[in-house]
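Read off the chains here:
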Amino acid sequence: QVQLVEFGGGLVQPGGSLTLSCVATGFAFSLYEMKWYRQRPGQERDLVARIKSGGGIRAYVPSVKGRFSISRDDAKNTVFLQMNSLNTEDTAVYYCNANRFEESIGETDYWGQGTQVTVSS
């Protein structure tokens, strides 16, 4: 059974840090690109960071570049999002996504259930 389970959300003060984890089961994790998305209240779900299979290529949206860091541990089927210098604009539900394209079957997407991050004093 395919599952992505996020951990690590919570309440943090502005300027603080949090690390999110996403543990994957039921598929070949190391072959998938992993992404973190977030959905702010009343807004669409937006991509925050991504890391390619193998971990050599990472990318971030401008609003989090220099503050957030994505990494993966393929031995533990886990992807992380280290978030530093958090501000109120980072308040959102954060979702883990696994994505892979194969010529034979097309695109495969898996999603976690989300974890709430609230930045507030």
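All values derive from a computational prediction rather than experimental measurement.

Caption draft 1: Highlighting the overall build of the chain. Along its length, the chain carries zero helices and eleven strands. Going residue by residue from the N terminus, the α and β elements of the chain occur as β-β-β-β-β-β-β-β-β-β-β. Taken against the 2.2 N^0.38 rule, which gives 14 Å for 121 residues, the C-alpha radius of gyration of the chain at 14 Å falls within 12% of a compact globule. Summarising its shape, the C-alpha atoms of the chain cover approximately 50 × 25 × 25 Å along the three principal directions.

Caption draft 2: Up close: the environment of Glu-103. As for its placement among the helices and strands, Glu-103 is situated in the loop between strand S9 (92–102) and strand S10 (106–111). Separated by 49 residues in sequence, Glu-103 and Gly-54 have C-alpha atoms that sit 19 Å apart.

Caption draft 3: Main features of the sheet that holds strand S7 (residues 68–73). Pairing in this open sheet of four strands is antiparallel, and the strands run S1-S3-S8-S7 from one edge to the other. For this open sheet the edge positions go to strand S1 (3–7) and S7, each flanked by a neighbour on one side alone. Direction aside, neighbouring strands of the sheet carry axes that sit 15 degrees apart on average. Relative to strand S8 (residues 78–83), S7 runs antiparallel, the two being bridged by six bridges.

Caption draft 4: Spatial organisation of unusual backbone geometry. At Asn-77, a residue that is not glycine, the phi angle is positive and equals roughly 50 degrees. Here Asn-77 lies in the loop between S7 and S8. Its relative accessible area of 25% is what places Asn-77 among the partly exposed residues. You will see that Ser-85, though not glycine, has its phi angle at about 50 degrees, which is positive. With respect to the helices and strands, the residue Ser-85 is situated in the loop between S8 and S9. Look at Ser-85 and you get partly exposed, because its relative accessible area is 44%.

Calculation criteria
- Residues numbered from 1 in each chain as written.
- Predicted model: local features only at pLDDT ≥ 70, side-chain atom pairs only at ≥ 80, totals over all residues.
- Heavy atoms only, no water.
- Helix = DSSP H or I, 4+ residues; strand = E, 2+ residues; numbered from the N terminus.
- Rg over C-alpha atoms; globule rule 2.2 N^0.38 Å.
- Pairing = 2+ DSSP bridges.
- Axes fitted to C-alpha atoms, helices over the stretch in contact; angles between N-to-C directions.
- Buried < 20%, exposed > 50% of the residue type's maximum accessible area, 1.4 Å probe, protein only.

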